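Structure assessment
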Amino acid sequence: MRDPEVLGLRAARRLRPTGERPDVRALAAQAGVEVVERQVPPPAQPRLRSQYQPDPPRIILYRNPIDELAEAASARERLSTAECDLYEVHIAHELFHHLERAERLGPLAAAEAEEAAHAFARGLLGLDFDPRELSGAGR
Ligand SMILES: [Zn+2]
């Protein structure tokens, strides 16, 4: 029985050999993944904050929804975003989807992949909250 959370945390630990928080943008570059930012998500997915496209490997960050989330999250004490760059959180999450594909982790069902990606972001960045909490922080 595969545990997606354990899978995500293990993958994160492999990328933190010294235990220190890595530079996720550098990790993405090393993995051959381009990170691009766009202001507005596609009209069909107005709440989309980020996505991974495999061919060629690319992580797209959508500034408007991420910035809105940062504002909503900073208003809640539980989520101190002072030490947490939401752009990095989203890059880390999408980087898992790249590793999932490139390293053939899984196969994971969609819900399992999301759980693993959240655990990966938490483990990689040493977050003291579960990134899933952010989903409820926006509107
Ligand atoms: Zn995901």
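Note: the structure precedes this text.
Here's a quick rundown of the structure. Going along each chain's sequence as written, the residues are numbered from 1 onward. Whole-chain, interface and lining totals are the exception, using all residues; otherwise, since this is a predicted model, local features are given only for residues with pLDDT of at least 70 and side-chain atom pairs are given and counted only at 80 or more.

**Side note on unusual backbone geometry**
Along the chain, Asp 55 connects to Pro 56 via a cis peptide bond; the corresponding omega equals 0°. Secondary structure counts use DSSP, requiring at least four H or I residues in a row for a helix and at least two E residues in a row for a strand, with both numbered from the N terminus. Examined against the element boundaries, Pro 56 turns out to sit in the loop between strand 2 (50-54) and strand 3 (57-62). In this structure, Arg 104 takes a positive phi of about 50° despite not being glycine. Inspection of the secondary structure assignment puts Arg 104 in the loop between helix 4 (86-102) and helix 5 (110-125).

**Details of the packing of helix 3 (residues 63-74) against helix 4**
Where helix 3 contacts helix 4, the two axes come as close as 10 Å, and the packing angle between them is 120°. One element, helix 3, and the other, helix 4, form an angle in the oblique class. Considering only the axes of helix 3 and helix 4, their crossing is right-handed. Contact residues: helix 3 offers Ile 66, Leu 69 and Ala 70, while helix 4 offers Leu 86, Tyr 87 and His 90. Among the residues making up the contact of helix 3 with helix 4, the classes are represented as five nonpolar, one polar and no charged. Angles shown run from 0 to 180 degrees and are taken between the N-to-C directions of axes, each axis being a line fitted to C-alpha atoms and, for helices, limited to the stretch in contact. Convention used here: angles under 35 degrees read as roughly parallel, angles over 145 as roughly antiparallel, angles from 65 to 115 as roughly perpendicular, and any remaining angle as oblique. Each crossing is labelled by how the near helix is turned from the far one, with a counterclockwise turn of less than a right angle marking it left-handed and a clockwise turn marking it right-handed. Our contact criterion uses C-beta atoms placed from the backbone: two residues qualify when those atoms are within 7 Å. Residues were grouped as follows: Ala, Val, Leu, Ile, Met, Phe, Trp, Tyr, Cys and Pro as nonpolar; Asp, Glu, Lys and Arg as charged; and all remaining residues, including Gly, as polar.

**A few points about the sheet that holds strand 1 (residues 34-38)**
We treat two strands as partners when DSSP finds at least two bridges between them. The three strands are arranged 1-3-2 in an open sheet whose pairing can be described as mixed. Two strands lie at the open edges of the sheet, namely strand 1 and strand 2, each paired on one side alone. Adjacent strand axes in the sheet meet at a mean angle of 20° when their direction is disregarded. Bridge count between strand 1 and strand 3: five bridges; the pairing is parallel. Bridging from a neighbouring strand, Glu 37 pairs with Leu 61 of strand 3.

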